[in-house]
Amino acid sequence: MTAVDYSVLDNPEASGRSFHPLRGWTDTPPGAVDYGITVDEDTTLSCRFFAVGRDNPTVLFFYGGGENVARYDDIAPLYNRIGANFFVADYRGHGASSGTPSFNAILSDAHAVLDWLVDAMQTLRFTGPLYVMGRSMGRHSAGELAVNAANRINGVIIESGRASLGRPAEGLEPEVIQALEDDYQARFYSISIPALVIHGQWDESAPLADAVDMFNKLETTNKHLEIIPGAGHNDLMYVDTRQYFTAVRGFMSRYAEKR
């Protein structure tokens, strides 16, 4: 496969279209622990860990555009209730993180966050399985790890996502966009670890047909599709909380054997 230059996605115009950093931080919720992960000499990512048990599964979560870690203070306990530890990290420039976000930075930073979390789990004697989850824009980070760090995670969950670069590629020459999209899709479809795709029936940002097409083209044979009737792009867990978390819990239980 011909090498594709993804650096064109890091120009200021592309980053401006792709990222809408939400700054802000909150007091540490009861039971949670805050961390800072240094990804280079000038950049530290703000993170929050909601843990319930050393033997429990852990979800490494990458959120969607226009969000930050603090937005998950009320959502993380829902994961805890199904027995999952929940770790969420801010992107550069989001929450309390330093730095400026860019497409390639969120991919490289995903590896740095995974490295740090795996080491921390070993130090703290967490022995449960590890899953990576990406919501909407977070699919880029989750997909990157599912492809290039597959031996370190038990499975990947994609919520409200599709196998497309989307906004980062807008405004480029058509032939450049096509080459980038073709390469991106080939990489994404090569996911071979267990995968769960959760999507809203009426998703207005990422049409359900795109999610179904992505699901069908994933290489893994251990894949599951959960469609939430009546849900859009941002309200899946609220439209049917029980269906959403039953799917997540069932997926984690099915692939809990350590890799």
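Note that the structure is a prediction, hence the values are computed from the model and not measured.

Parameters and conventions
- Residues numbered from 1 in each chain as written.
- Predicted model: local features only at pLDDT ≥ 70, side-chain atom pairs only at ≥ 80, totals over all residues.
- Heavy atoms only, no water.
- Helix = DSSP H or I, 4+ residues; strand = E, 2+ residues; numbered from the N terminus.
- Buried < 20%, exposed > 50% of the residue type's maximum accessible area, 1.4 Å probe, protein only.
- Contact = heavy atoms within 4.5 Å.
- Areas by Shrake-Rupley, 256 points an atom, 1.4 Å probe, with all protein chains shown as cover.
- Lys, Arg positive; Asp, Glu negative; His and termini not counted.
- Charge placed at Lys NZ, Arg CZ, Asp CG, Glu CD.
- Expected span 1.5 Å × (residues − 1).
- Salt bridge = Lys/Arg side-chain N within 4 Å of Asp/Glu carboxyl O.
- Arc of directions from axis to C-beta.
- Core = buried A, V, L, I, M, F, W, Y, C linked by side-chain atoms within 4.5 Å.

Colleague: Can you help me understand the overall build of the chain in this one?
Modeller: Looking only at helices and strands, the chain features eight helices and eight strands. Judged by the C-alpha coordinates and their principal axes, the chain covers about 50 × 40 × 35 Å. Sorting the 259 residues of the chain into buried and exposed places 54% on the buried side. At a minimum sequence separation of 6, the contacts of the chain that also span at least 24 residues come to 75%. For the chain, the accessible surface area stands at approximately 11300 Å², while carbon and sulfur atoms represent 49% of it. Across the chain, the 21 positively charged side chains and the 33 negatively charged ones have centroids separated by 8 Å.

Colleague: Before we go on, may I ask you to explain the side chain of H233 in this structure?
Modeller: Considering the arrangement of structural elements, one finds H233 in the loop between β8 (223–228) and α7 (236–239). Residue class for H233 comes out buried when judged on its relative accessible area of 7%. In contact with H233, not counting residues within four places along its chain, are R135, S136, E159, S160, D203, E204, S205 and A206.

Colleague: Looking at this model, I keep getting lost on helix α8 (residues 241–254). Mind explaining?
Modeller: Residues lying three or four places apart along an α-helix face the same way, a consequence of the helix completing one turn every 3.6 residues. The end-to-end C-alpha separation of α8 is 20 Å, in line with the 20 Å expected for 14 residues at 1.5 Å each. Looking at α8, one finds that the buried residues are Q243, Y244, F245, A247, V248, F251 and M252.

Colleague: Any chance you could explain the pattern of salt bridges here in plain terms?
Modeller: It is possible for side chains bearing opposite charge to pair when their charged atoms get close. Following the criterion strictly, the structure yields 10 salt bridges and no others. Residue R48 is joined to D34 by a salt bridge in which the shortest nitrogen-to-oxygen separation is 2.5 Å. With R48 in strand β2 (residues 43–50) and D34 in strand β1 (residues 32–40), the pair connects residues that are 14 residues apart, well separated along the chain. Its relative accessible area of 0% is what places R48 among the buried residues. Of the charged contacts in the structure, one is a salt bridge between D40 and R92, with a shortest N-O distance of 3.2 Å. On the criterion of sequence distance, the pair formed by D40 in strand β1 and R92 in the loop between β4 (85–89) and α3 (103–123) is long-range, its members being 52 residues apart. A relative accessible area of 29% places D40 in the partly exposed class. The exposure class assigned to R92 is buried, which follows from its relative accessible area of 14%.

Colleague: Sorry if this is basic, but what is going on with helix α6 (residues 208–217) here?
Modeller: Buried residues of α6: L208, A211, M214 and F215, and no others. For α6, the buried positions fall inside an angular range of 120° around the axis, keeping them on one side. α6 presents A209 and N216 as exposed residues on the side facing more than 90 degrees away from its buried surface. Considering only its buried residues, α6 is in contact with β6 (155–159), α5 (174–189), β7 (195–200) and β8.

Colleague: Any chance you could explain the nonpolar core here in plain terms?
Modeller: Looking at soluble globular proteins, one finds that nonpolar side chains tend to be buried together. Formed by 79 residues in total, the largest nonpolar core has its most connected members in L60, F61, Y79, F86, F87, Y244 and V248. Here this core takes nine residues from α3, the largest share from any one element. Apart from residues no more than four positions distant in its own chain, V248 is found in contact with Y79, I82, I157, L196 and I198.

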